[in-house]
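# Results of the structural survey
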Amino acid sequence: MLRQLRTALEPVNEVTHEIGEKRPASGRPPIVSAIIPCLDEEAAIGRVVTEVLAQNVSEVVIVDGGSRDRTAERAEAAGARVVVEPRRGYGRAVQAGIAAVRNDADILVFLDGDGSDPAEFISKLVSPIVAGQAVFVLGSRVRGSREPGSLTPQQLLAAHVGRLLLRLVYGASFTDLSPFRAIRRDELRRLGMKEETYGWNLEMLMRVAAARLPALEIAVGQRRRIGGVSKVSGNLIAGIKAAWSISTTFVRLAIELRHQRGPGERRG
């Protein structure tokens, strides 16, 4: 299977550091936990949970951000465990999910609950981590097969701006700010994530790149959301605002990271 993955995998920076020593106990497969932040996704969440569990994922943790519909009930009926994070903010929801996963989880997978992330790619996100080829794998929506209308103009603009900034400052070749990703749990702890809103995804890419962790990207494409309403408007003004927000967040975090560590230095 790994031979089949080679053509799809791309290193995102030049990395020479050794991958950490932690490995699952001898003879047992890695424990994979999926974390899905949700808000009013009752039309999609049951199908999403079913598809994720079909990918040899050990558990699905749904973080309900105060849905006013039956998101939580449908997620539980499909086999997920639901936790509630009443405070709004994407980063807060993800952190609540991380805190709720089982204690022996080795790898964490993140994706959205609207059905737009193709769950069948989870094995390709996880396999390089299991094989020791990477500790972080990003699923790029802008590469691969995309259904018409699956990505809004501001999402494409955000991906473009993020890609330029990451390459300019860190030499990393991530092509997207996609929420669809996998990371080793022990390495995630070391990153020291702090963002509480939509800057979370960008912060993770920046910290991975700044620490020069072994990272890969695979093309996953994107599907149209199954139902519900996007939390982000799809007009030009929103796109400009998103690009500005990404740029200012990037600058703020870049300054913070520079103070925390020297260029290319990995936190132990």
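Residues numbered from 1 in each chain as written. Predicted model: local features only at pLDDT ≥ 70, side-chain atom pairs only at ≥ 80, totals over all residues. Heavy atoms only, no water.

Glancing now at the packing of aromatic side chains. Throughout the structure, instances matching the rule amount to three aromatic pairs. Seen from their ring centres, Tyr-90 and Tyr-198 are 5.8 Å apart, and the 20° between their planes marks the pair as stacked. With Tyr-90 in helix H4 (residues 90-100) and Tyr-198 in the loop between helix H7 (185-191) and helix H8 (200-210), this residue pair connects regions lying 108 residues apart in the sequence. (Phe/Tyr/Trp six-rings, centres within 6.5 Å; stacked < 30°, edge-to-face > 60°. Helix = DSSP H or I, 4+ residues; strand = E, 2+ residues; numbered from the N terminus.)

Turning to helix H5 (residues 122-130), its buried residues are Ile-122, Leu-125, Val-126, Ser-127, Pro-128 and Ile-129. Note on H5: the residue one or two positions beyond its end, Gly-132, has a positive phi of about 80°. (Buried < 20%, exposed > 50% of the residue type's maximum accessible area, 1.4 Å probe, protein only.)

Turning our eyes to something else, we now look at the pairing of strand S8 (residues 215-219). Extensive coverage of S8 is indicated by the burial of four of its five residues. Alignment of strand S6 (residues 136-140) against S8, held across five bridges, turns out to be parallel. The residue of S8 that forms the bridge with Leu-138 is Glu-217. (Pairing = 2+ DSSP bridges.)

With that out of the way, let us pick up the pattern of salt bridges. Proximity of charged atoms lets side chains of opposite charge pair with each other. The final tally for this structure, using the stated rule, is 23 salt bridges. Taking the shortest distance from any N to any O, the salt bridge between Asp-114 and Arg-225 comes out at 3.1 Å. Of this pair, Asp-114 sits in the loop between strand S5 (107-110) and H5 while Arg-225 sits in the loop between S8 and helix H9 (236-260), and the two are 111 residues apart along the sequence. For Asp-186, the salt bridge identified is with Arg-184, shortest N-O distance 2.8 Å. Accessibility expressed as a relative area gives 6% for Arg-184, which makes it buried. Here the residues in one salt-bridge network are Arg-47, Glu-51, Glu-120 and Arg-223, joined through shared partners. (Salt bridge = Lys/Arg side-chain N within 4 Å of Asp/Glu carboxyl O.)

Inspection of the secondary structure assignment puts Arg-47 in helix H2 (residues 42-53). We classify Arg-47 as partly exposed; its relative accessible area is 46%.

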